[in-house]
Amino acid sequence: ANQESIEPALKSGLYIVQQSQLPKDVQAFRCGLAGKSSDAAQQAFHGRGTAWFPDGSRYEGDWVRGKRSGEGLWRGADGAEYTGQFQDDRFHGKGTLTLTNGEIRNGLWAAGELNGPGSLTRADGTLYVGGFRNGRFHGRGVLTYPDGHTYDGEFSNGAYHGAGTEVFADGKKYEGQYIDGEFHGTGRLSNPNGSSIEATFRHGKPYGQVRLTTAAGEIFTARTTEPGVCYRDKSYRATQCPPLEGW
């Protein structure tokens, strides 16, 4: 039930047409005859009309020179439904696509995909509000999962990418940079008890010099090249690192 599945139906010819003023020489097409009259009939669709396709889908709305353009309603054979704007037989402009699995895609469409501001809601309660490019999360957006896990920040081709803030279901919070969905760049990982890790992250893990803050407020510095060794703030004396989740 997507754009690719409905385009072949258009190319194969329509089954029934209503509310269209067809020329006399293509009236037989209303009975489902194939052949040269198919192309002639499609060229005649102009204005408001309803069409049924051989694959069981249906379109009711505006036509311009044989193509769906303007406001319309498309229903797939499986029950999927799109209502909104079309251009040249594709979803284009403002519209809402509701799939049979309960997923709802709403926003600005271009060439059959969400492109620009929009939202996606899944049956399990997952909600995304933000930018899209070619149907994927792209640009600034907020993604909320059913368990309370949230991400507010930048996306690229569906992945966390750029600056963002992520709050996990267990209360942990990360604020910083991402690349391809992983902590990457400067960031701060905070625990629910108040402890935190400030570092440059590489592929999801702290790298190089790290600043550790305990739940009691004590501050230490450490290096990933010296496991277990910490230095109290403003001190050069080495000591054992305190227990700290995530380190």
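Up top you'll find the structure we're talking about.
A. Broad picture of the overall build of the protein chain. Counting its regular elements, the protein chain contains two helices and 19 strands. Summed over all atoms, the accessible surface of the protein chain reaches about 13,400 Å², with 49% contributed by carbon and sulfur.

B. The pattern of salt bridges, seen in detail. Scanning all chains against the criterion turns up twelve salt bridges. Overlapping salt bridges bring together Glu103, Arg105 and Arg122 as one network.

C. Looking closely at the pairing of strand 4 (residues 67-75). Here six bridges tie strand 3 (residues 58-64) to strand 4, and the two strands are oriented antiparallel to one another. When the bridges of strand 4 are listed, Arg58 appears paired with Arg75. Linking two consecutive strands that pair antiparallel, namely strand 3 and strand 4, is a turn of two residues; a positive phi of about 50 degrees is found at Arg65 within it. When strand 4 meets strand 5 (residues 81-87), the two strands line up antiparallel, connected through six bridges. Residue pairing for strand 5: Trp74 is matched across the bridge by Tyr82.

D. Quick peek at unusual backbone geometry. The backbone of Asn134 sits at a positive phi, close to 55 degrees, despite the residue not being glycine. For Asn134, the location among the structural elements is in the loop between strand 9 (127-133) and strand 10 (136-144). Residue Asn134 is classed as exposed on the basis of its relative accessible area of 54%.

E. The arrangement of the packing of aromatic side chains in detail. Counting across every chain of the model gives 24 aromatic pairs. With a centroid separation of 3.9 Å and 15 degrees between ring planes, the pair formed by Tyr82 and Phe91 is classed as stacked. Arranged with centres 5.4 Å apart and planes meeting at 85 degrees, the rings of Phe91 and Trp109 form a pair that is edge-to-face. Of this pair, Phe91 sits in strand 6 (residues 90-98) while Trp109 sits in strand 7 (residues 104-110), placing them 18 residues apart in sequence. Both residues of the pair, Phe91 and Trp109, count as buried. Taken together, the aromatic side chains of Tyr128, Phe132, Phe137, Tyr151, Phe155, Tyr160, Phe168, Tyr174, Tyr178, Phe183 and Phe201 make up a single cluster linked through ring pairs.

F. Representation of the state of the cysteines in the model. Following the criterion strictly, the structure yields one disulfide and no others. Linked covalently through their sulfurs, Cys230 and Cys241 form a disulfide whose S-S length is 2.0 Å. Residues Cys230 and Cys241 are joined through a disulfide that is right-handed, its torsion about the S-S bond being 95 degrees. With Cys230 in strand 18 (residues 229-232) and Cys241 in the segment after strand 19 (238-240), this pair connects stretches of sequence that are eleven residues apart. Cys241 gets classed as buried once you look at its relative accessible area, which sits at 13%.

Calculation notes
Residues numbered from 1 in each chain as written. Predicted model: local features only at pLDDT ≥ 70, side-chain atom pairs only at ≥ 80, totals over all residues. Heavy atoms only, no water. Helix = DSSP H or I, 4+ residues; strand = E, 2+ residues; numbered from the N terminus. Areas by Shrake-Rupley, 256 points an atom, 1.4 Å probe, with all protein chains shown as cover. Salt bridge = Lys/Arg side-chain N within 4 Å of Asp/Glu carboxyl O. Pairing = 2+ DSSP bridges. Buried < 20%, exposed > 50% of the residue type's maximum accessible area, 1.4 Å probe, protein only. Phe/Tyr/Trp six-rings, centres within 6.5 Å; stacked < 30°, edge-to-face > 60°. Disulfide = S-S within 2.5 Å.

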